[in-house]
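# Architecture at a glance
Residues per chain, in single letters:
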Amino acid sequence: MSNCLEFTILSTWLLMNLLLLQSSNGAVNPCCYYPCQNSGVCVRQAADGYECDCTRTGFYGENCTHPEYWTWLQLTLKPSPEVVHYFLTNFQWLWNLINNSFLQDTLMRLILTVRSDLIPSPPTYNTKYGYLTWESYYNTSYYTRILPPIPDDCPLPMGTKGKPHLPDPKVLSEQFFKRQKFREDPGGTNIMFAFMAQHFTHQFFRTDHQINGGFTKALGHGVDASNIYGDTLTRQLQLRLHKDGKLKYQIVNGEVYPPSVSEAPVHMVYPADIPSEQRLAVGHELFGMLPGLTLYATLWLREHNRVCDVLKSEHPSWDDEQLFQTARLIVIGQIIKIITEEYVQHLSGYLLKLKFDPTLLFGQRFQYSNRIALEFCQLYHWHPLMPDSFLVDNDEIPHSRFSFNTSVLFHYGVEKLVDAFSRQPAGQVCGGRNSPGVVLRVSEMVIRESRETRIQPFNEYRKKFKLRPYTSFREFTDDEDIAAGLLEHYGHIDALEFYPGILLEKPRPGSIFGESMVEMGAPFSLKGLLGNPVCSPEYWKPSTFGGEVGFNVVKTSTLKKLVCLNTKRCPYVSFRVPLELENTKLKKSKEL
């Protein structure tokens, strides 16, 4: 009875406010209703009129809802994302045949083109403007936007649906994000993957929190290895040895590690009580925060210097500059290959073997450029991956002794850390209530940022990425308590914010992610990887990488090679926990 009364009061309040708006020469902006479907662009006409620009959407009509013939045929024949995912993650015998035939290249090309076509190129919107401007294109200090901001004259925070006030971010984080009990990823993801995710993405996710409005401090918008070499020329020069193309390093216990800040005086963020000898100097100023990040910084430092040795033996006449610049291009190529064939492969769960071969897109309509989108940055906050503590060489290390403790790297060494991180399960990202308490403030920050930049509701992004919008919170999540709580806070599924929607959505069966994370994240990832200049016809040739030897370093690179060519012994290294560990847990779950 009280729920009915509450609904009546709320409905009356909304109706009164809408009438007041309309009666005070403030007719509701019709674009606040998101009337234009199928990527149609809403253009306001006069006070209460609008027009949907359906150009090249494949649809027509007042709201771009009527498909043209070829669009109708394509939609009729096209299987749903659920069917495609099921097909790609089942029928192992069939995929064994496909992966060893010409069909692998055909399907890989199809995946790359279909996914990449979902990302506008050149970029379209930014936070300041809800329409196309030259500023949105050339001002790379902004993240780009896939959808324009919510109009700032809408009657409600999320448009025309939901409650008049959005819930407190701290309340949302405590109620829906905070871990109650560690829930590991059923797909076997480990924390070696988790640290790669952080190390890899921080080269292009560098939000400028000093300025409101979706600004980035990153000079590049893609895989530029600035997390290894520094994001400015000054930082790069301070990190370089200026001999044989190599980066500065120090020797500890007979092993190569990053130099200290006294040897490479770059700005690094460390607490005041960290001894100077433990303050390591690496490409990103925050990578001293976690030993998992300094581990990857050490591996790429060793790999860069190893590649310089390979190049010098092939080209003894090359000077320091040419050796450095060519080694950097090789490392960028290696990163893209490892991320495509192992990192993205693992995340997808596909039985189709993903292949890094830039020539698949040669001759296709494809632009070799990229801009990082604010929505991509938002969805990539995967803090549930982190465990409650870290298990290394039979020692349990809590977060309090793990953070900003580079002595962990020196004490255990690269091999033991790689082995331990590859064996320890990571958490399931989607589904809610699995974020460690120590990072909840980051979730609060992301939610506040999404409101400052007026990111459209979660369901509007579902539509943009050709997914069916949810009709209720109970359809959105299998957790009845979360569904009821979200309804109480938001009032309507169409008012659910983007970031909570991405993180709280029910995971796919046996998966680390929900449908939206995969279907929205994959286009951003693949466009960013294959849109790199290294993958273009002008760059993708032996001379770019110092000849066939350097070219072959790129084409044969793997995560295992990255580790084992730069350590004295080869530990277990993978993005997945060992199969025997997965089988043991599966057996125990069946017994229970």
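Keep in mind that what you see is a predicted model, and the values were worked out from it rather than measured.

Rules used throughout
- Residues numbered from 1 in each chain as written.
- Predicted model: local features only at pLDDT ≥ 70, side-chain atom pairs only at ≥ 80, totals over all residues.
- Heavy atoms only, no water.
- Helix = DSSP H or I, 4+ residues; strand = E, 2+ residues; numbered from the N terminus.
- Buried < 20%, exposed > 50% of the residue type's maximum accessible area, 1.4 Å probe, protein only.
- Polar contact = N/O pair within 3.5 Å; in protein donor to acceptor, adjacent residues only side chain to side chain.
- Contact = heavy atoms within 4.5 Å.
- Core = buried A, V, L, I, M, F, W, Y, C linked by side-chain atoms within 4.5 Å.
- Phe/Tyr/Trp six-rings, centres within 6.5 Å; stacked < 30°, edge-to-face > 60°.
- Lys NZ or Arg CZ within 6 Å of the ring centre and 35° of its normal.
- Disulfide = S-S within 2.5 Å.
- Patch = residues over 30% accessible without salt bridge, like charges linked within 9 Å, V, L, I, M, F, W, Y side chains within 5 Å.
- Areas by Shrake-Rupley, 256 points an atom, 1.4 Å probe, with all protein chains shown as cover.
- Salt bridge = Lys/Arg side-chain N within 4 Å of Asp/Glu carboxyl O.
- Pairing = 2+ DSSP bridges.
- Axes fitted to C-alpha atoms, helices over the stretch in contact; angles between N-to-C directions.
- Parallel < 35°, antiparallel > 145°, perpendicular 65-115°, else oblique.
- Left-handed = near helix turned anticlockwise from the far one by under 90°.
- Nonpolar A, V, L, I, M, F, W, Y, C, P; charged D, E, K, R; others polar.

Right, let's get into the side chain of arginine 179. Turning to its location among the elements, arginine 179 is positioned in the loop between helix H7 (169–177) and helix H8 (191–201). Judged by relative accessible area, which is 11%, arginine 179 ranks as buried. Separated by 2.8 Å, the side chains of arginine 179 and aspartate 388 make a polar contact. Here asparagine 434 takes part through its backbone oxygen, which lies 2.7 Å from a polar atom of the side chain of arginine 179. In this view, arginine 179 contacts Pro384, Met386, Pro387, Asp388, Arg433, Asn434, Ser435 and Pro436; residues no more than four positions away in its chain are not counted.

Of all hydrophobic cores here, the largest spans 144 residues; its most connected members are Tyr343 and Trp382. The biggest single contributor to this core is helix H12 (residues 320–348), with 13 residues. In this structure tryptophan 382 touches Phe193, Ala197, Tyr343, Leu347, Val429, Phe513 and Met517, once residues within four positions along its chain are discounted. Tyr34, Ile150, Cys154 and Ala495 belong to the second-largest nonpolar core, a separate cluster that totals six residues.

This part takes up the packing of aromatic side chains. One pass over the full model with this rule turns up 41 aromatic pairs. Members of the aromatic cluster, each reached through a chain of ring pairs, are Phe193, Phe200, Phe204, Phe205, Tyr343, Phe376, Tyr380, Trp382, Phe465, Phe513, Phe524 and Phe575. The side chain of lysine 527 reaches across the aromatic face of phenylalanine 366, ending 5.5 Å from its centre. The lysine or arginine in question, lysine 555, covers the ring of phenylalanine 551, its NZ or CZ lying 4.2 Å from the ring centre.

Attention shifts here to the state of the cysteines. Under the defined criterion, the tally for this structure stands at five disulfides. Between cysteine 32 and cysteine 154 runs a disulfide, and the two sulfur atoms are separated by 1.9 Å. Its torsion about the S-S bond being -95 degrees, the disulfide of cysteine 32 and cysteine 154 is classed as left-handed. One end of the pair, cysteine 32, is in the loop between helix H1 (2–23) and strand S1 (41–45); the other, cysteine 154, is in the loop between helix H6 (134–138) and H7, and 122 residues separate them in sequence. Assigned by exposure class, cysteine 32 and cysteine 154 land together as buried. A sulfur-sulfur distance of 2.0 Å marks the disulfide that ties cysteine 54 to cysteine 64. Taking the sign of the torsion about the S-S bond as the criterion, the disulfide between cysteine 54 and cysteine 64, at about -90 degrees, is left-handed. With a gap of ten residues between them, cysteine 54 in the loop between strand S2 (49–53) and strand S3 (59–60) and cysteine 64 in the loop between S3 and strand S4 (66–67) connect regions that are remote in the sequence.

With that settled, the discussion passes to the environment of glutamate 82. On the secondary structure map, glutamate 82 appears in helix H3 (residues 81–88). It is 8.2 Å that separates the C-alpha atoms of glutamate 82 and glutamate 515, two residues lying 433 residues apart in sequence.

Attention now moves to a nonpolar patch on the surface. Taken together, Tyr86, Phe87, Phe91, Trp93 and Leu97 make up a surface patch of nonpolar side chains, about 580 Å² in accessible area. Mapped onto the nonpolar patch, the elements with two or more residues apiece are H3 and helix H4 (92–98). With respect to the helices and strands, the residue tryptophan 93 is situated in helix H4. Judged by its relative accessible area of 57%, tryptophan 93 falls in the exposed class.

So, about the pairing of S2. Strand direction decides the pairing type here: S1 and S2, joined by five bridges, are antiparallel. By the bridge assignment for S2, valine 41 is matched with aspartate 53. Taken together, S1 and the strand that follows it, S2, pair antiparallel across an intervening segment of three residues, in which alanine 46 is found at a positive phi of about 55 degrees.

Two measures define how a pair of helices packs: the angle their axes make with one another and the distance between the axes. One way to put it is that helix H11 (residues 291–314) packs onto H12 with a least axis distance of 9 Å and a crossing angle of 125 degrees. In terms of orientation, H11 lies oblique with respect to H12. Considering only the axes of H11 and H12, their crossing is right-handed. In this structure, H11 contributes Trp300, Glu303, His304, Val307, Cys308, Leu311 and Lys312 to the contact, and H12 contributes Leu323, Phe324, Thr326, Ala327, Arg328, Ile330, Val331, Gln334, Ile335 and Ile338. Broken down by class, the residue content of the contact of H11 with H12 amounts to eleven nonpolar, three polar and three charged.

Within the secondary structure, glutamate 475 is located in helix H18 (residues 473–476). Among the polar contacts listed, one links the side chain of glutamate 475 to the side chain of arginine 468, at a separation of 2.7 Å. For glutamate 475, the contacting residues outside a window of four places in its chain are Arg468, Tyr470 and Lys506.

This part takes up the pattern of salt bridges. What the rule picks out here adds up to 29 salt bridges. Note that lysine 178 is salt-bridged to glutamate 174, the shortest N-O span being 3.6 Å. Since its relative accessible area comes to 36%, glutamate 174 is described here as partly exposed. Across the salt bridge formed by arginine 179 and aspartate 388, the nearest N and O atoms sit 2.8 Å from each other. Residue arginine 179 is located in the loop between H7 and H8, and its partner aspartate 388 is located in the loop between helix H13 (374–379) and strand S7 (389–392); the two are separated by 209 residues in the primary sequence. On the basis of relative accessibility, which here comes to 44%, the residue aspartate 388 falls in the partly exposed class. One network of salt bridges, with partners in common, ties together Arg115, Arg508 and Glu519.

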